[in-house]
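The primary structure of each chain is shown beneath.
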Amino acid sequence: MLELDALVKRYPQGDGEPIIAVDGVSMAVAEGELVALYGPSGSGKTTLLMMIAALLAPDSGVVSLNGREVSSLPPREAARYRMHELGFVRQSFELIPGASALDNAALKLLGKSLSTRAARRRVVPMLRRLGLETRLEHRAEQLSMGERQRVMIARALSTDPTLVLADEPTGNLDSERGGEVLDLLSGLCRERGAAVLLVTHDPEATAYADRVLTLRDGRLSAGQSNPSLSSTSSL
């Protein structure tokens, strides 16, 4: 489903040598597979996700989803790709101030021309699954950091995406809520046939993956099957 072929991304550094953030990365994630990309901060994980999301152009190499190259899409097509095919759980919180948790979670569905009522109805089960059933009508600024992150996760998954990119999705959650989120992501992967790429520096999070890849200094190590794969719950 997702294929990366020899991706390279460099960042200029004044008059010095450029920093190579991603150095010739090739990998694939199959339909219904959850792959964990493990590595320390600064290893190039987020840069790699930005290129997969068509938010950052590679210096060389190709990103393909279902046989279609997405690494060189024009802006309008790239936005359509992110709207319809991609669920991106980012580290930053892009919530609308003054809007409720429910409306923030439904935002992507509104972009697909659903009515407000239909969009809100569709995201309620996801928000409840994420432990936000008593916070649905609370405004974004009334939510804790962990609650805001769970709203972002609900938004990303609301459109039943083909590919889910999750950049440290449990970074602001306690262990119990973090486990619930990882259950949700792995359940989506296996039950809906989505490909999931989970970026993390938490060794415990890798237990939910089919394979674990290690990225260090922009270079990828060979992937291995995960013998400690956890059982997952249904959505």
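One can find the structure itself at the top, above this paragraph.
As the structure is a computational prediction, the values presented were derived from the model and not from experiment.

Undergrad: Could you clarify how one ought to interpret unusual backbone geometry in this entry?
TA: Glycine aside, negative phi is the norm for most residues, and most peptide bonds take the trans geometry. At E168, a residue that is not glycine, the phi angle is positive and equals roughly 50 degrees. Looking at the secondary structure, you find E168 in the loop between β7 (163-167) and α7 (175-192). The buried category is assigned to E168, whose relative accessible area is 12%. Non-glycine residue D217 carries a positive phi angle of around 55 degrees. Within the element layout of this structure, D217 appears in the loop between β9 (211-216) and β10 (219-220). Of the residues examined, D217 reaches a relative accessible area of 61% and is grouped as exposed.

Undergrad: Would you mind showing me how to read the pattern of salt bridges here?
TA: Here the idea is simple: oppositely charged side chains can pair when their charged atoms come close. For the coordinates displayed, the defined rule picks out 12 salt bridges. The shortest N-O distance in the salt bridge between E147 and R135 comes to 3.2 Å. With E147 in helix α6 (residues 145-157) and R135 in the loop between α5 (116-129) and α6, this pair connects stretches of sequence that are 12 residues apart.

Undergrad: Help me out: how do you make sense of the nonpolar core in this one?
TA: Of all hydrophobic cores here, the largest spans 41 residues; its most connected members are V123, L127, L130, V151, I153, L157 and L185. In this view, V151 contacts L95, A101, N104, A105, L127, L132 and L143; residues no more than four positions away in its chain are not counted.

Undergrad: What am I meant to see in the sheet that holds strand β5 (residues 68-69) here?
TA: Paired through their backbone hydrogen bonds, the strands of a sheet run either parallel or antiparallel. Sheet architecture is open: four strands sit in the order β2-β1-β4-β5, paired in antiparallel fashion. Across the chains shown, the open sheet's two edge strands, defined by having one partner strand only, are β2 (16-29) and β5. Here strand β4 (residues 60-65) runs beside β5; their pairing, made up of two bridges, is antiparallel. Among the inter-strand pairings, L65 is bridged to a residue of β5, identified as R68. Sheet contacts for helix α1 (residues 45-52): β1 (2-13), β2 and β4; angle to β1, the most-contacted strand, approximately 120 degrees.

Undergrad: What's the story with the pairing of strand β3 (residues 34-38) in this structure? I'm lost.
TA: Regular strands have side chains that alternate between both faces of the sheet. Buried residues dominate β3, accounting for four of its five residues. Sheet topology places β3 next to strand β8 (residues 195-200); five bridges connect them, and they run parallel. Bridging across to β8, Y38 finds its partner in T200. Where β3 lies against β9, four bridges are found, and the strand directions are parallel.

Undergrad: In this structure, what is going on with α1? I would like to understand it.
TA: Helical geometry note: an α-helix holds 3.6 residues per turn, so side chains three or four residues apart project in the same direction. The element α1 is extensively covered by neighbouring structure, given that seven of its eight residues are classed as buried. Listed in full, the buried residues belonging to α1 are K45, T47, L48, L49, M50, M51 and I52.

Undergrad: I would appreciate a short explanation of α5 in the present structure.
TA: Look at α5: 21 Å from first C-alpha to last across 14 residues, which is about the 20 Å you get at 1.5 Å a residue. The sharpest bend along α5 measures roughly 30 degrees and falls at V123, with the proline P125 sitting one to four residues further on. Buried residues of α5: A119, V123, V124, M126 and L127, and no others. Those residues of α5 that are buried are in contact with α3 (101-105), α4 (107-110), α6 and α7. At the exit of α5 stands G131, carrying a positive phi of roughly 80 degrees.

What counts, and where the lines are drawn
Residues numbered from 1 in each chain as written. Predicted model: local features only at pLDDT ≥ 70, side-chain atom pairs only at ≥ 80, totals over all residues. Heavy atoms only, no water. Helix = DSSP H or I, 4+ residues; strand = E, 2+ residues; numbered from the N terminus. Buried < 20%, exposed > 50% of the residue type's maximum accessible area, 1.4 Å probe, protein only. Salt bridge = Lys/Arg side-chain N within 4 Å of Asp/Glu carboxyl O. Core = buried A, V, L, I, M, F, W, Y, C linked by side-chain atoms within 4.5 Å. Contact = heavy atoms within 4.5 Å. Pairing = 2+ DSSP bridges. Axes fitted to C-alpha atoms, helices over the stretch in contact; angles between N-to-C directions. Expected span 1.5 Å × (residues − 1). Bend = angle between axes of the 7 residues up to and from the residue.

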